[in-house]
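# Descriptive analysis of the structure
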Amino acid sequence: MRARTHGLMTRKYSDDLRLFGSTNAKLGLLAILLLYAFVPVFVQSAFWLSVLDYAGIAAVGALGLNLLTGYTGQVSLGHAFFIGIGAYAAAKLGGPDDVGLPLPLWLLGATLMGAFVGALIGPFALRLRGNYLAIVTLGLVFLGEHVFRNAKEITGGNSGTSVQTASTLLGADFKDLQFLGQNFSFNQGYFWLIWGIVGIAALLCKNLVRTRPGRAMQAVRDRDVAAEVIGVQLGRYKVGAFAMSSGLAALAGALLGSYQQFVTPEQFNLFLSIQYIAIIIVGGVGTIFGSILGALVLGGLPGLIDQYSASIPGVTTGSGDSGFISVFSLNQAIFGLLIVLFLVFEPRGLAALWLRVKAYFKAWPFSY
Amino acid sequence: MRGMRTLTIAGATVALALAGCGGADESEPAADGGTDAGASGGAPPNAPGFDGTTIKVGALSPLSGPVAVIGNPLTNGNKVFFDALNAKGGIAGKYKVELVQDDTQYKPDVAVQRYNRLKGDVVAFTQVLGTAVTLGVLPQLKRDEILAAPASLDAFWVREPNLLPVGNPYQGQAINGIDYYLKNGGEGKNICSLSQDDAYGEAGKEGVDFVAEKEGFKLASAQKFTQGDKDVTGQIQSLAGAKCDAVFVTSLPTDSGTIWGTAAKLGFAPQWIAQSPAWIDELGASPLKDYLAKNVWVVAEGTEWGDESVEGMKQMVADVEQFDPNQDPDYYFAFGYVQGEAMSAVLEKAVENGDLSHKGVLDASKELGNVSFDGLFGDYEYGDAEARTPPSASTIFEVDTDKPYALGTLEKDYTSEAVSEFEYKAR
Amino acid sequence: MDEFLQLCFNGTALGARYALVALGFVIIYRATGVINFAQGGLVALGAYLAYALGDTATLPFLLAVIGAVLLSGLIAAGTERVVLRRMVGQPVFAVLMVTIGLLFILEQLVTSIWGFRALNLGDPWGVQTVDAGGVVLATKDLWTIGITAGVLAAFFAFFRFSKLGVAMRATAFDQEAALAQGISARRVFAVSWGISGALACLAGVTLAAGPAALTPGIGAIALVAFPAMIVGGLDSPIGAVLGGLIIGLTQALTSGYQEDLFPWAGANLSQVMPYIVMVLILLIRPYGLFGTKEVRRI
């Protein structure tokens, strides 16, 4: 009988960095692909599909924020601004009455637009640190909303703009998919579009952070002066992280606009930024997987609470009910509570919980 | 949590899935059972939201959060109307109407999700509250061929085939209000506007600009403020500086107090002419009430609360008494009640046509013709979206703290000449 | 000229409110190195407590305000003890987010108890005014400026002369050295939060006075007080006061003159002016007007 090394054994650094090296990882990938293909088929409910669609959009944006905040350590409350840029760029680039680009191009165009604006604002991050940067990016959200409200030619001003983007890829229209003699609804089609992009974005981010630039970014996060001393070009990586993060935010915004087909300036407010930060906190700061997990949890939770709110005592569910707290308030309070509890008790988020479970079973039954 | 399956089942039934239950084409009405679908006069076949006895209609409203102050009375208005209707037998005397509420929190994204949840269970939406929310669900309404009644008075609803508006739009209110002022001693005076910086504010401003052009005067000053802003001194100062004799104000109740409070403390007392949603009866009980009684008009529709001489109002007050005695006099409540009336007219037509499917209800809304609200709101001339005519009269109220809603009639059903010339366009 | 003076007076009254909130930020920041996003929640809570004591418990207005100030201080200190104490030594970002989480919880607490309807605080100032030769001074605004000035004087005296105040300054200056001198950092933390909660309550009361002006939305003032604090410098109490006044005056003057001077910048420019001022000042002085430059060690 030939001896075989245990799956956990690695001989080279490159083994540690493999994406889908072990058998388990390959199985996991297969499971994810199967889920991707069949969730829309089994989840027929339009409500839950739309919840998943919004969660996917949030996951793309959260990946971007995690690159900036989780990996490079730059706190930004300005994410909502870049999401807005993406949404308006999609409206202009993808709208048949405007530029009218096909699906991949308007997505790419919106992403580049976000990255470009991010690169313009990035240099601020060089000058300001920590708390100062947080407040300045907070100002960005308010300035952005002001611009969105007043640049009427581009954004439609206060009455918002309709976003009519092309949604055809290789002859398949995601708004109205027909496949194997079946008709698929808008929500099903967009699930495949959105989560396909989540997959691509996650893969890109993973590849980025496990290679040289990723290590440089993490060095900047952990001690920027020390990173500079060992030869990391601070300016390049800080601005670069800003640009990439903003690009992904804009990509999320483009998807949001295209899915919702309508956006208004007040959607891109401070609360949206805070939501994205909450997603990466709950999911796991500095993990790719956590960004997606957090988006699913924070996106799905309000739906779940709402679904079962009638059986929670003291909660009002409609007009004329009596109760202590409304569903909205309960959701907001739970949102706040989740942030506080995770930061106090599990600062590394759900991803860390998952890793701990995984680590336990990896060496099972010798878990010590 | 219908439809959420686990991965294991997914794996095991891959083949089944491909063969069987692939697409969920929600736009197709799942008509099953029932009689001949096309036959007019017969019982309508079952459809999403109609099980042969009960018709379900949806309401997408902010039932919690800051705007719930508006959403709750509005939804109550829907409910009281349908309760009263059911007590009389229901649509066509036999089909009860059930109101299905869902909370949008006033956010477009939440509203789109809730819309998706409700759409398979209702024949139409009797209320969608909020301009941004309505615009958010509109593309989906069009795709699914569903009818919805928006709970705001924006002018562009008039030309949207999937929407069922009621009442004289904000623009019409502004035109009538200013015209009334001009005809009653305001000729040659300085007229100004103060509007909220959003779509609602712009609607009022559009009406003001229209009447200014028609009557050939120039606004002495046009100010804007942000909703929730606690300091409007600068704006009030500018209005006072421009020597405004009358100011048309488009605001929500939370800001009206701040605006008039600031004006009062600066000693600025023009004739305020306010858009209907700006008023709330709490203002009539605040320390400002003397100032308001002297200086504020509110442009709305119909008659004052509890006016027994108007048939529609008499009926509504009786229904409130019977079905929701806790409801205080409220403008938004009346709005919801009127929406219920409009929707029930559509449903009657759809039952008559024998088709309560989404498309059937939508088509029925185009065949309505003139619908009367018995003086509660102005009569609406429905039909194809291109040919609809909203009511054009407005009632000018003055603040009168002795009245139930602190508003007393100054001039009932005032229609200016300019308002008939205003063209309603699609967005 | 009258118009200019009037705008300046209103700007000062507005700035005084910002200063109260910004000072609260600075006190906490000096003691603990945290920017407290929950301050806005404390502003609203304080105002509603004053309403509850005055209107519901029918205390005289002055007593209600004093009671609310004390209660707010206690609640803030309690929050520090229960939640923030656990975050000592955590990264800036984490602590900042914890205070955002607290803000959400406080907001829901307020709206669950008192709802969203606009309420009358029951202040004795109403809409009374004093006429000062062409300029109208609202009683409410005069009181706001007076209260702010009084509080600031008391505050600086406290820091200068009281033992605890000196201890707080020492802790802000060098935490370890202060500890070595036997100063209890815990006590300093708790007192800082308490003072800041009390200041938030006062800001809330001055904001909520007037006809139907008490709404949960008054907490949003904290978002404008951020620029005030940053303009002055994160760790400078004098900077916070000056920053507040600068921001208040800028806003009032912008809303008064913008229509004539730069109409192209869009309506409501005054709403975003605080952020524009903040960015401009930070470009010139990255640590604000009076902030201490951070020393970076490897």
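A quick note: this is a predicted structure, and the numbers were derived from the prediction, not measured.

Before going further, it helps to spend a moment on the overall build of chain A. Along the backbone of chain A there are 15 helices and eight strands. Out of the 368 residues belonging to chain A, those deemed buried represent 56%. In chain A, once contacts between residues fewer than 6 apart in sequence are set aside, the share between residues at least 24 apart is 75%.

This part takes up the packing of helix H12 (residues 270–283) of chain A against helix H15 (residues 349–362) of chain A. Residue and element names in this part refer to chain A. Where H12 contacts H15, the axes come no closer than 3 Å and their chain directions differ by 15 degrees. One finds that H12 runs roughly parallel with respect to H15. For the pair formed by H12 and H15, the contact residues are Ile 281, Val 282 and Gly 283 on the first element and Gly 349, Leu 350 and Ala 351 on the second. Its residues placed into classes, the contact of H12 with H15 shows four nonpolar, two polar and no charged.

Turning next to the environment of B:Ala222. Counting through the fold element by element, B:Ala222 comes out in strand E6 (residues 221–225). Each C-alpha atom, one on B:Ala222 and one on B:Leu239, is 7.9 Å from the other, the two residues being 17 residues apart in sequence.

Quick look at the interface of chain C and chain B now. Taken residue by residue, the interface counts 31 residues in chain C and 31 residues in chain B. Each residue belonging to the side of chain C that touches chain B can be placed in one class, and the counts come to 15 nonpolar, 13 polar and three charged.

The next point concerns the sheet that holds strand E2 (residues 96–103) of chain B. Residue and element names in this part refer to chain B. Strand order in this open sheet of four strands is E2-E1-E3-E4, and the pairing throughout is parallel. The sheet is open, and its two edges are formed by E2 and strand E4 (148–150), each paired on a single side. Here the average twist between neighbouring strands, direction ignored, is 20 degrees. Where strand E3 (residues 124–128) and E4 come together, two bridges link them in parallel fashion. For Val 128, the partnering residue across the bridge sits in E4 and is Pro 150. Here helix H5 (residues 131–144) sits on the sheet in contact with strand E1 (54–61), E3 and E4, set at roughly 165 degrees to E3. Each of E1, E3 and E4 touches helix H12 (residues 331–353); the most contacted strand, E3, lies at about 165 degrees to it.

What follows deals with helix H3 (residues 46–71) of chain A. All names here are of chain A. An ideal rise of 1.5 Å per residue puts 38 Å on 26 residues; H3 measures up with 36 Å between its terminal C-alpha atoms. Taken as a whole, H3 carries its principal kink of about 35 degrees at Leu 65. By the criterion of burial, H3 is predominantly enclosed, with 26 of the 26 residues buried.

It is worth spelling out the sheet that holds strand E12 (residues 394–399) of chain B at this point. The strands making up a sheet are joined through hydrogen bonds of the backbone, oriented either antiparallel or parallel. Residue and element names in this part refer to chain B. The sheet built from seven strands is open, its strands ordered E6-E5-E7-E8-E9-E12-E13 with mixed pairing. Looking at which strands have only one partner, the edges of the open sheet turn out to be E6 and strand E13 (407–414). Between one strand axis and the next, the sheet turns by 20 degrees as a mean value, whatever way the strands run. Note that strand E5 (residues 191–196) and strand E7 (residues 246–250) share five bridges and pair parallel. Paired with Ile 191 across the bridge in E7 is Ala 246.

What counts, and where the lines are drawn
Residues numbered from 1 in each chain as written. Chains lettered and ligands numbered in written order. Predicted model: local features only at pLDDT ≥ 70, side-chain atom pairs only at ≥ 80, totals over all residues. Helix = DSSP H or I, 4+ residues; strand = E, 2+ residues; numbered from the N terminus. Buried ≥ 20, exposed ≤ 12 C-beta atoms within 10 Å, placed from the backbone. Contact = placed C-beta atoms within 7 Å. Axes fitted to C-alpha atoms, helices over the stretch in contact; angles between N-to-C directions. Parallel < 35°, antiparallel > 145°, perpendicular 65-115°, else oblique. Nonpolar A, V, L, I, M, F, W, Y, C, P; charged D, E, K, R; others polar. Pairing = 2+ DSSP bridges. Expected span 1.5 Å × (residues − 1). Bend = angle between axes of the 7 residues up to and from the residue.

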